[in-house]
Amino acid sequence: MLMGSLLSLLFLFLLICAFQGYGGLALRRLAPALADDAGIAAGLGIALFCAACGVIEAWGLASRPLLLALVAGGVVIRLGLRMPPTGLLQGMTPVMALVLCLYGLYLLNASSWTFDFLDDMHGYLVFPERILSEGFIGRDPFQYRRIESGLSGGGAYLYALFRTLFDVPHMRLADLGIGSVTLGLLAYSHARREGLRGFSLTLALLLALVVAHCSPNVNNTADTVAKALLYTLLRLIFALAEETPSWRRAVLFALPAFALVSLKTTNLAVDTGVLLGFYALEICRKTKAAVLMEILLAAAAALTLALPWMWVCQQLAQTPWFPLLGTGTLGNSEISGWTAPYSYILNAGRIGCILVPAILASVLIATDRQAGPSRLLYPAVIGAGIVLLLAAQGKYTIAGYRYGHMGAATLALFSAIPLIARWSQRWDLRRAAIACAALVALGTTATQTHSGHWRGHEGLVAEAFTGGPDQGWRDGRDRMIRSLRAMELAIPEGEPIAVIADWPSSLDFRRNPIRVLDWPGMVGPPGLPDSTDAEAWARYLPSQGIHYIAYSYGDEAGLPRARIKRDIENFSTPGNFSPFQVALLVKTREMHDTVMALKQYGQVVFDDGRVIAIRL
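Residues numbered from 1 in each chain as written. Predicted model: local features only at pLDDT ≥ 70, side-chain atom pairs only at ≥ 80, totals over all residues. Heavy atoms only, no water.

Some remarks on the overall build of the protein chain
Inclusion rule: Secondary structure elements follow DSSP: runs of H or I no shorter than four residues count as helices, runs of E no shorter than two count as strands, and numbering proceeds from the N terminus. A 1.4 Å probe rolled over the protein chains alone gives each residue an accessible area, and that area as a share of the maximum for its type sets the label: buried under 20%, exposed over 50%, partly exposed in between. Any two residues having at least one pair of non-hydrogen atoms within 4.5 Å are treated as being in contact. Accessible surface area values rest on a Shrake-Rupley calculation with a 1.4 Å probe, where residue burial reflects the displayed protein chains alone.
Counting its secondary structure elements, the protein chain contains 24 helices and seven strands. Within the protein chain, the proportion of its 616 residues that are buried is 58%. Looking at the protein chain alone, contacts between residues at least 24 apart form 76% of all its contacts between residues at least 6 apart. If you sum the accessible surface of the protein chain, you get close to 23300 Å²; carbon and sulfur atoms cover 63% of it.

Here it is in structure tokens:
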């Protein structure tokens, strides 16, 4: 385990070098003054990778050799560009050395985290396996989480990069590693440009790592990478704000803006907000025709980058972008009715607290006549981002899913750098940095955030102190995976299989076409039967070319009846009221009964007490 973790860390830093290579090459052409900025280069390289993945996805070209060749090509370009080091060692202090040692332990720990959340086991972990087995994320019309994420898919390719060489647990570094390293580089280079040195610089780096680590990491999505991409967009806006509007600026702004949405549609609000704020100010300050032309060019560039993903979504769910351009095969159930309004109000309040540095920085800079060009830029960009971010908390159902943490945390971090620069002569930052480092030490070496709560029982470092995750849980997972693989071998090669099970990612997608019903009864091709009608399902699945269905009844497909009952009660209370979540849970329970009833309409070809497979 230790050797695998160390090798995955080495691969992580090769990936960062590759991203810097591609991003640095783009900067040399589009913004030469920024070409040596290691942070912006890495962020822009990630955006270019997400753009390339859209083409790969649309044409089904993905493979281990191709992805590894992209990494090797980026590293070669990075070496050829002879980009200078970040200057990190030049500004090293004892406290910074301590911070980086703790961060190294954090990455080592994160490199072996396990996955035990329903979204991961039924949905997100399937995506990298499909990419490497089928050449793309797949056109599985039953896979709910693929459809509801809209254009999203770039994050799955980041996870697939690690899956090319390493086992499933190491994929955590695709977000926590790539995202936190890039965010740290961005904040560090930003702080140096603001003139920070010594302990002030250490505090800026420390804040970046805290922001990277403290995420509502509830499932296998690239939230930390999204923070780095938003920070890249902010850095580009502020670095190029005084330049004349041009196609070069339009392309540079479009790349991270598009990439953010390719990770998660819910990033759209703050993404759009900061650009609207910037261009509103540009229209007031510069030639309107030139600014409007740049806006059109940026929009056209972002749309061009999104077109491959939109085409895939149309093939997948009969809508080019769920739910903004239609709900397709999901209908209107996902966006009807308010979800947990009191929870949204509460989380909007928490976001307000996180945003205090952003609001404070904007006010101070706007009232400081010595601030120069950034005097109006900060309140325009940060203010617009905050407004759209908070407004997004009132969206319907799943649209407000992330509660805006990514945007709030990034705006706060970006605004904290100039605050530190202005107040570094007034505060004893030495004590502040030491105190913060001590607090981070408690959290980053042996914990992660999961569903909003701190946990200290996962990861390589945690295992050394606590014995690691519950061994019984691991044994149960391994037994289920063995059962699923045995089930697949009992079905003729090439036959499509509909699967309602934990860990469908463990199946061989090359051997059989796998249709993952991750929210059974809620999504599928037109004509989806009622979730209680077994006879209709016995006709419907064969009409879709599927004659085999498998179900892990030993664990009731990850949602035992007791948990379904508890969750229905929870989402029926005023504080967490969610008709959408209740409908999902009810249909899941009904589908479990329906699948077992299919035995009377077909032949049981496999049943080991945990997994059953039926031929219809």
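Observations regarding the packing of aromatic side chains
We count it as follows: Centres within 6.5 Å make a pair out of two Phe, Tyr or Trp rings, where for Trp the six-membered ring is used; the pair is then stacked when the planes are under 30 degrees apart, edge-to-face when over 60, and tilted otherwise. Counting as a charge over the ring demands two things of the Lys NZ or Arg CZ atom: a distance within 6 Å of the ring centre and an angle within 35 degrees of the ring normal.
Tallied over the full model, the rule gives 14 aromatic pairs. Directly above the aromatic system of phenylalanine 136 lies the positively charged group of arginine 139, at a separation of 4.3 Å from the ring centroid.

Some words on the state of the cysteines
Formally: Two cysteine sulfurs form a disulfide in these notes if their separation is within 2.5 Å.
This model, assessed by the stated rule, comprises zero disulfides. Left unpaired, cysteine 53 is separated from the closest cysteine sulfur, that of cysteine 50, by 6.2 Å. Relative accessible area serves as the criterion here: at 0%, cysteine 53 is assigned to the buried category.

With respect to the packing of helix 1 (residues 2-30) against helix 3 (residues 64-81)
Put simply, the test is: A fitted line through C-alpha atoms serves as each axis, taken over the contacting stretch for helices, and the angle formed by two N-to-C directions is quoted from 0 to 180°. Just so you know how the angles are binned, under 35 degrees is roughly parallel, over 145 roughly antiparallel, 65 to 115 roughly perpendicular, and the rest oblique. Each crossing gets its handedness from the near helix: less than a right angle anticlockwise from the far helix is left-handed, clockwise is right-handed. Under the grouping applied here, Gly and all other residues not named as nonpolar or charged are polar, the nonpolar ones being Ala, Val, Leu, Ile, Met, Phe, Trp, Tyr, Cys and Pro and the charged ones Asp, Glu, Lys and Arg.
Interaxial distance between helix 1 and helix 3 falls to 7 Å at its minimum, and their mutual angle equals 60°. Taken together, helix 1 and helix 3 sit at an angle that is classed as oblique. Along this stretch, helix 1 crosses helix 3, giving a crossing that reads as left-handed. Here helix 1 contributes Phe11, Leu14, Leu15, Cys17, Ala18, Gln20, Gly21, Tyr22, Gly24, Leu25 and Arg28 to the contact with helix 3, which in turn contributes Leu68, Leu70, Val71, Gly73, Gly74, Val75, Ile77, Arg78 and Leu81. Within the contact of helix 1 with helix 3, the residues separate by chemical class into 13 nonpolar, five polar and two charged.

Looking at the packing of helix 11 (residues 223-240) against helix 13 (residues 268-285)
The contact between helix 11 and helix 13 brings their axes to 11 Å, and the two run at 5°. If you check the angle between helix 11 and helix 13, you find them roughly parallel. Residues Leu230, Leu233, Leu234 and Ile237 of helix 11 form the contact with helix 13, whose own contacting residues are Val270, Asp271, Val274, Leu275 and Phe278. Its residues placed into classes, the contact of helix 11 with helix 13 shows eight nonpolar, no polar and one charged.

Observations concerning the environment of tryptophan 311
With respect to the helices, strands and loops of the structure, tryptophan 311 is situated in helix 14 (residues 288-317). As for tryptophan 311 and glycine 54, which are separated by 257 residues in sequence, their C-alpha atoms are 9.6 Å apart. Apart from residues lying up to four places away in sequence, tryptophan 311 is in contact with Ala58 and Arg139.

Some details on a nonpolar patch on the surface
Stated precisely, the cut-off is as follows: For patch building, the residue pool is restricted to those with more than 30% relative accessible area and no salt bridge; the joining distance is 9 Å between like charges and 5 Å between nonpolar side chains (Val, Leu, Ile, Met, Phe, Trp, Tyr). Whenever a carboxyl oxygen of Asp or Glu lies within 4 Å of a side-chain nitrogen of Lys or Arg, that contact is scored as a salt bridge.
A surface patch of nonpolar side chains, amounting to about 570 Å² of accessible area, comprises Leu2, Met3, Leu6, Leu7, Leu10 and Leu14. The topology assignment puts methionine 3 in helix 1.

What to know about the sheet that holds strand 5 (residues 548-551)
For clarity, the cut-off: Pairing between strands requires that DSSP locate at least two bridges from one strand to the other.
Spatially, 4-3-5-7-6 is the arrangement adopted by the five strands of the open sheet, whose pairing is mixed. In this open sheet, the two edge strands, each paired with only one partner strand, are strand 4 (514-516) and strand 6 (603-607). Shown here is a sheet whose adjacent strand axes are inclined to one another by a mean of 25°, direction ignored. Note that strand 6 and strand 7 (residues 612-615) share four bridges and pair antiparallel. Within strand 7, the residue paired with aspartate 607 across the bridge is isoleucine 612. Against the sheet, helix 24 (residues 579-597) makes contact with strand 3 (497-500), strand 5 and strand 7, and its axis sits at roughly 125° relative to strand 5, the strand it touches most.

Some words on the confidence of the model for the protein chain
Where we set the bar: How sure the predictor is of each residue is captured by pLDDT, a score from 0 to 100.
Predicted confidence across the protein chain gives a mean pLDDT of 81, with 81% of residues reaching 70 or more. Every residue in residues 436-458 scores below 50 in pLDDT, and together they form 67 contacts with partners more than four places removed in sequence or on other chains. Low pLDDT, under 50, characterises residues 462-470; the stretch is placed with 16 contacts to residues that sit more than four places away or in other chains.

Structural notes on the environment of leucine 484
Within the element layout of this structure, leucine 484 appears in helix 21 (residues 471-489). Setting aside anything within four residues of it in sequence, one finds leucine 484 in contact with Ala501, Asp502, Trp503, Pro504, Ser506, Leu507 and Val611.

Quick notes on helix 14
Put simply, the rule is: Note on bend: the value at a residue is the angle between axes fitted to the seven residues ending there and to the seven starting there.
In the structure, helix 14 departs most strongly from a straight axis at leucine 307, where the bend amounts to approximately 45° and where the proline proline 308 lies between one and four residues downstream. Regarding helix 14, the residues found buried are Val291, Glu294, Ala298, Ala301, Ala306, Pro308, Trp309, Met310, Val312, Cys313, Leu316 and Ala317. Elements that come into contact with the buried residues of helix 14 comprise helix 2 (38-59), helix 7 (144-148), helix 8 (154-163), helix 12 (247-263) and helix 13. One or two positions beyond helix 14, positive phi appears at glutamine 318, with a value near 60°.

Considerations on helix 23 (residues 561-570)
Quick note on the threshold: By construction, the arc corresponds to the directions joining the helix axis to the C-beta atoms.
When we look at burial in helix 23, the residues that qualify are Ile564, Asp567 and Ile568. Projection of helix 23 onto a plane perpendicular to its axis shows the buried side chains occupying an angular sector of 105°, all on one side. Turned more than 90 degrees from where helix 23 packs its buried face, Ala562, Lys565 and Arg566 sit exposed. On its buried face, helix 23 is in contact with helix 24.

A few points about the environment of proline 308
Along the polypeptide, proline 308 turns up in helix 14. As a C-alpha pair, proline 308 and isoleucine 56 span 252 residues in sequence and 8.8 Å in three-dimensional space. Ignoring sequence-local partners within four residues, the contact set of proline 308 consists of Gly54, Val55 and Ala58.

Observations regarding the pattern of salt bridges
Applying the stated criterion across every chain yields a total of 20 salt bridges. For arginine 130, the salt bridge is made with glutamate 134, and the minimal N-O distance between the two is 2.7 Å. Residue arginine 130 and its partner glutamate 134 are located together in helix 6 (residues 126-134), separated by four residues, close to a single helical turn. The class of arginine 130 is buried, set by a relative accessible area of 1%.

What about the pairing of strand 3?
Burial along strand 3 is two-sided: the residues Ile497 and Val499 and Ala498 and Ile500 are all buried. As defined by bridge partners, strand 3 adjoins strand 4 across three bridges and the pair is classed as parallel. Considered in strand 4, the bridge of valine 499 is made with valine 516. Bridge count between strand 3 and strand 5: four bridges; the pairing is parallel.

Things to note about unusual backbone geometry
Most peptide bonds adopt trans geometry, and most residues besides glycine take a negative phi value. Even without glycine at this site, glutamine 318 takes up a positive phi of about 60°. Unusually for a residue other than glycine, tryptophan 503 sits at a positive phi of about 60°. One can find tryptophan 503 in the loop between strand 3 and strand 4. For tryptophan 503, a relative accessible area of 6% corresponds to the buried category.

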